[in-house]
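These are the residues of each chain, in order.
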2 protein chains.
Amino acid sequence: MDGIAMIDAKEYLKKTSAELDGPIKSYIGDEEPANLMESSRQYPYAGGKRMRPAMAVACCGAVGGDKSKAVPLAVAIEYIHNFTLIHDDLMDGDEVRRGMPTIHMGYGMPTAILAGDALFAKAYQIMCELDIPAERMREVLRYVSKAVWDLARGQQMDVNNEGKIVTEEYYTETIKLKTSVLFAAAAAGGAIIGGADDETVKAINEYALEVGLGFQMWDDYLGIAGDSSKTGKSVGNDIRKGKCTCMVTHAIRSIQDPAILEEFKGILGNMDATDEQCARAKQIMEEAGSIEYALDLAKGKIESAIDRIKDLPEGEDKEFLISLARYSIDREV
Amino acid sequence: MDGIAMIDAKEYLKKTSAELDGPIKSYIGDEEPANLMESSRQYPYAGGKRMRPAMAVACCGAVGGDKSKAVPLAVAIEYIHNFTLIHDDLMDGDEVRRGMPTIHMGYGMPTAILAGDALFAKAYQIMCELDIPAERMREVLRYVSKAVWDLARGQQMDVNNEGKIVTEEYYTETIKLKTSVLFAAAAAGGAIIGGADDETVKAINEYALEVGLGFQMWDDYLGIAGDSSKTGKSVGNDIRKGKCTCMVTHAIRSIQDPAILEEFKGILGNMDATDEQCARAKQIMEEAGSIEYALDLAKGKIESAIDRIKDLPEGEDKEFLISLARYSIDREV
């Protein structure tokens, strides 16, 4: 591992999130009808880590570009991320996000569908006005449009996987499509806006793909071992839902004792499992080395991500990208 | 009215719809997961009038462009139209379209949301590859992205209007956003691809906006006076839903007798209204001159549309555009 990341990613993210607040709140005007404007604003205006837009801006800077030119892309990516959150919450029947009722709870199902669609369209309106040569804009849009297509695929695979045991390979493909591709489009898009050559864009794209994988694997870990008072997710939720994470796929293929395997499978996906049973399932995975295995997998992705950008010139933006990669598997929330 | 349209729009549409069948079926490959691919294909592959894509191609030809270059845009517009249909059917709870179960009925709600999102993304993937200078592609995308934003607004206004008496102006704005803007983006996009100058693009855009208004007004007329065995819509449906069309707004402001106005308002929006009551509501609108008024309004839009493109060079494509405008208020379905 070369270089020492001196930037505190969490603090830096707070700063960039605050800097992006103005731009994020500047694109949805007071058009008719008011309930569509309000509902499309709710999620992106509410804050959050804003990792994707921060990545877009930093990747532009890391290749020597004018970071201000990547800000509209950052906003567009955040709108797209939030469009998928609105639709996901509706599909999953989730009732609360960021301390507020989800859009379908607050405004009804039709408005949730339309607020998502509207944010998606607005993202493209914003990207059409990127202040870069049109040929480069075309290239940015290629990455982003492919990402949204893949996102829908990943989300559908996630829906299809529910309650099933899939392979680690299939699970990894699912989270790549569901999570990594939008990180990757943000990063590649930022680099393209910054004027990077094809090889650099490719390296940055791969960096973000790996970060996305590590990020999601860490999310899965927090779902099992995180502090539920911080994550806001009840521990055991993923076990009851039978979410087939890398920890679960490892346990299934590694548990030697048929009785324990049977016990594990009996808890997994059982919506009525008690907290004690969920704790037992976690213990079984611990004893099978599955949690350590998944953490090593996540660490590997992050080290690999950092390796992809080793040739970028040294500087604050590169440092942040390295630090952000490590933070993605070292956060409590 | 200058020129005699010699082209039979209905026949010509059949021909162009058949020609577009191959391209429309060529962009969604056999990727994972299969249920998302199948569900996103279902509507666009099933046919339909395909007026919007036909308009895109004809507008390209009408300005002297290479029509084959507008085919990908035509496909993208049709995908966007079908994405909105999938989401609309879900919002409206409609169970059948084109003789098949709607997507949410056949595949469930999450897949209906995702199939719509996927078609939307695919449309942009297609448009990124338009074989025209990038600066022109940017201009096409501006029109299309603005249209989808407006579509969501129009759809939300439609949801909000339900069961309310709105003004004719507000209703016209609603159908403009809900229907016309996508026609207009198809037409303007085709003209841009064909190499038209700004003034011509603007004229063609306005032509299609007016055609869209006339088209929707005629749709409303068919909902009241059409042959339900052909339209597939039960006569009285719009009356029971209280749909505030231009016929209704005219009746409300024109009926002099307070007793008849009361009777009319009592039927409108009454989901339990009998067929006899719906027929009575229609009779009241007839006697108030409201149906004639709305038809005149639609005719005016179409004549105005045709007037916008009078300066285009004569030829088959211009003839089709004129004929298509007239057909949009002279069809049985």
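Residues numbered from 1 in each chain as written. Chains lettered and ligands numbered in written order. Predicted model: local features only at pLDDT ≥ 70, side-chain atom pairs only at ≥ 80, totals over all residues. Heavy atoms only, no water.

A. Geometry of the packing of aromatic side chains. Per the stated rule, a full pass over the model turns up 12 aromatic pairs over all chains. A centroid spacing of 3.7 Å and a plane angle of 40 degrees characterise the contact between Phe120 of chain A and Phe120 of chain B, whose relative ring orientation is tilted. With Phe120 of chain A in helix H6 (residues 109-128) and Phe120 of chain B in helix H6 (residues 109-128), this pair bridges two chains. Phe120 of chain B shares its class with Phe120 of chain A; the two are buried. Relative to Phe120 of chain B, the ring of Phe83 of chain B has its centre 4.6 Å away and its plane inclined at 10 degrees; by these criteria the two rings are stacked. One end of the pair, Phe83 of chain B, is in helix H4 (residues 71-92); the other, Phe120 of chain B, is in helix H6, and 37 residues separate them in sequence. Owing to a relative accessible area of 2%, Phe83 of chain B belongs among the buried residues under this scheme. (Phe/Tyr/Trp six-rings, centres within 6.5 Å; stacked < 30°, edge-to-face > 60°. Helix = DSSP H or I, 4+ residues; strand = E, 2+ residues; numbered from the N terminus. Buried < 20%, exposed > 50% of the residue type's maximum accessible area, 1.4 Å probe, protein only.)

B. How the structure looks around a negative patch on the surface. A surface patch of like charges, here negative, comprises Asp92, Asp94, Glu95 and Glu162 of chain A. On the secondary structure map, Asp92 of chain A appears in helix H4 (residues 71-92). (Patch = residues over 30% accessible without salt bridge, like charges linked within 9 Å, V, L, I, M, F, W, Y side chains within 5 Å. Areas by Shrake-Rupley, 256 points an atom, 1.4 Å probe, with all protein chains shown as cover. Salt bridge = Lys/Arg side-chain N within 4 Å of Asp/Glu carboxyl O. Lys, Arg positive; Asp, Glu negative; His and termini not counted. Charge placed at Lys NZ, Arg CZ, Asp CG, Glu CD.)

C. Just the environment of Ala196 of chain A, in detail. Residue and element names in this part refer to chain A. Of note, Ala196 is situated in the loop between helix H8 (168-193) and helix H9 (198-225). Here Ala196 falls in the buried class, since its relative accessible area comes to 7%. Note: C-alpha distance between Ala196 and Ala279 (83 residues apart in sequence) is 49 Å. Leave out the neighbours within four places in its chain, and Ala196 touches Val63, Arg136, Ala191 and Val201. (Contact = heavy atoms within 4.5 Å.)

D. Geometry of helix H16 (residues 316-327) of chain B. Residue and element names in this part refer to chain B. With 12 residues, H16 extends 16 Å between its outermost C-alpha atoms, agreeing within 8% with the 16 Å of an ideal straight helix rising 1.5 Å per residue. Buried residues dominate H16, accounting for 9 of its 12 residues. Of the positions making up H16, those classed as buried are Asp317, Lys318, Phe320, Leu321, Ile322, Ser323, Leu324, Ala325 and Tyr327. Check the buried side of H16 and you find it contacts helix H1 (9-24), helix H3 (51-62), helix H9 (198-225) and helix H15 (290-308). (Expected span 1.5 Å × (residues − 1).)

E. Examining the interface of chain A and chain B more closely. At the junction of the two partners, chain A supplies 46 residues and chain B supplies 46 residues. Here chain A and chain B share an interface that buries about 4,300 Å² over both sides, 66% of which is from carbon and sulfur atoms. Three residues stand out in chain A for area buried against chain B, namely Arg138, Trp149 and Gln156 of chain A, and they jointly supply 18% of the buried area on that side. For the interface between chain A and chain B, the tally reads 4 salt bridges. Note that Glu31 of chain A and Arg153 of chain B form a salt bridge whose closest N and O atoms lie 3.1 Å from each other. The interface formed by chain A and chain B includes 22 residue pairs in polar contact (both at pLDDT 80 or more). Taken together, the elements giving at least two residues each to the side of chain A that touches chain B come down to helix H2 (34-45), H4, H6 and helix H7 (134-161) of chain A. In terms of residue count, the dominant contributor to the side of chain A that touches chain B is H7 of chain A (17 residues). Looking at the side of chain A that touches chain B residue by residue, the class counts come to 28 nonpolar, 8 polar and 10 charged. (Buried area = accessible area lost by both parts, 1.4 Å probe. Polar contact = N/O pair within 3.5 Å; in protein donor to acceptor, adjacent residues only side chain to side chain. Nonpolar A, V, L, I, M, F, W, Y, C, P; charged D, E, K, R; others polar.)

F. Expanded view of the relation of the copies chain A and chain B. For these two chains of identical sequence, chain A goes onto chain B by a turn of 180 degrees and a shift of 0.0 Å along the axis, with RMSD 0.0 Å. When the rotation and shift are considered jointly, the pair of chain copies conforms to a two-fold rotation axis. Of every C-alpha in chain A, the one belonging to Ala134 of chain A sits nearest the axis of rotation, 2.6 Å from it. (Least-squares fit on C-alpha atoms with pLDDT ≥ 70 in both.)

Don't take any of this as a statement about function, it's just geometry.
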